[in-house]
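These are the residues of each chain, in order.
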Amino acid sequence: MIKSAARKYSPVLFLLTALIISGCIASPRHPRYENNDNRDTVSINDYENIEPGLNDGDLIIKTALKEQKNEMYSPDADTTYLYWLKYKPIYLRKSTKCNIFALNTLYKAGFKTPKTNALSRDLYNESLFTDLIPVVRFRSLEDIQRGDLVIWKSHVIIFEKLVYLDDDPYAKAIWAGTTKKDNGKNVMNNVMYGNYPLKGNFIVRRPEKR
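Residues numbered from 1 in each chain as written. Predicted model: local features only at pLDDT ≥ 70, side-chain atom pairs only at ≥ 80, totals over all residues. Heavy atoms only, no water.

## Comments concerning the side chain of Asn 186
Filter applied, for reference: Comment: elements are numbered from the N terminus, with helices defined as DSSP H or I runs of at least four residues and strands as E runs of at least two. What qualifies as a polar contact is a pair of N or O atoms within 3.5 Å, subject to a donor-acceptor requirement within protein and to the restriction that residues adjacent in sequence count only when both atoms come from side chains.
Mapping Asn 186 onto the fold places it in the loop between strand 5 (168–176) and strand 6 (187–188). One polar contact links Asn 186 to Asn 183, side chain to side chain, over a distance of 2.9 Å.

In structure tokens:
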């Protein structure tokens, strides 16, 4: 009986273990978000031919859009590499990788990153990494800048700009971990470039160049 129960719940335990290691469980979805996330979607091609000398925000977004094409962020990929930790491999499957995608993007774009595998909950902890990715005190959503990390306790996105859909605030952003299927356009390898609702408790961190 005990062995049977273990076999029954082992996939669930495996999934929970993978999520803990990856550090990203997407914040609660809601129907309005899922219905609206393709509106006002900027074409990925808009960032393909930007001239050299990008400002920090554009550099981060362009790097993220290129990194989106990397198949290792797909839940079907067994191995994901942590660029900022000397390309350390982590063996994950059937899990989202929002923290890994965000930190890999920052590292690849030339920004400071932690010396550990910082999970979403670690990035959400305002007492950590203040010398690397400072927490921004903002009075209004208009203060959030392109390239900032918007972080919930269980999710992180890379902010591009503020948009309003039906008077509700959203971040046009890019992040790993979505309920949407890959479409070869704005959703690739489980990384989405779309609108994410700015609701709930979140903090904002502003990357700094290395």
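## Let's talk about the sheet that holds strand 7 (residues 191–197)
Operational definition: For two strands to be treated as a pair, DSSP must find no fewer than two bridges joining them. Residues count as neighbours in contact if any of their non-hydrogen atoms are within 4.5 Å of one another. Axis lines are fitted through C-alpha atoms, for helices just across the contact stretch, and the angle between N-to-C directions can take any value from 0 to 180 degrees.
The six strands lie next to each other as 6-7-5-4-3-8, forming an open sheet whose pairing is antiparallel. Every other strand in the sheet has two partners, leaving strand 6 and strand 8 (203–205) as the edge strands with one partner each. The pairing of strand 4 (residues 155–165) with strand 5 spans seven bridges and is antiparallel. Directly across from Val 163, in strand 5, lies its bridge partner Tyr 170. The strands that helix 3 (residues 56–67) touches are strand 4, strand 5 and strand 7; relative to strand 4, the one it contacts most, it runs at about 110°. On the sheet, helix 4 (residues 98–109) packs against strand 3 (149–152), strand 4, strand 5 and strand 7 and is oriented at approximately 85° with respect to strand 4.

## Thoughts on the nonpolar core
How we decide: Residues grouped as a nonpolar core are buried Ala, Val, Leu, Ile, Met, Phe, Trp, Tyr and Cys residues, joined through side-chain atoms within 4.5 Å. Here's how the labels work: a residue is buried when its accessible area is under 20% of the maximum for its type, exposed when over 50%, partly exposed in between, all with a 1.4 Å probe on protein chains only.
In terms of nonpolar packing, the biggest core is built from 35 residues, with Tyr 73, Phe 101, Leu 106, Leu 149, Ile 158 and Ile 174 touching the most fellow members. Elements with a minimum of two residues in this core: helix 3, helix 4, strand 3, strand 4, strand 5 and strand 7. Sorting elements by how many residues they give to this core places helix 4 first, with seven residues. Sequence-distant contacts of Tyr 73, that is, excluding residues within four places in its chain, are made with Glu 67, Tyr 83, Lys 97, Ile 100, Phe 101, Asn 104, Asn 189, Asn 190 and Val 191.

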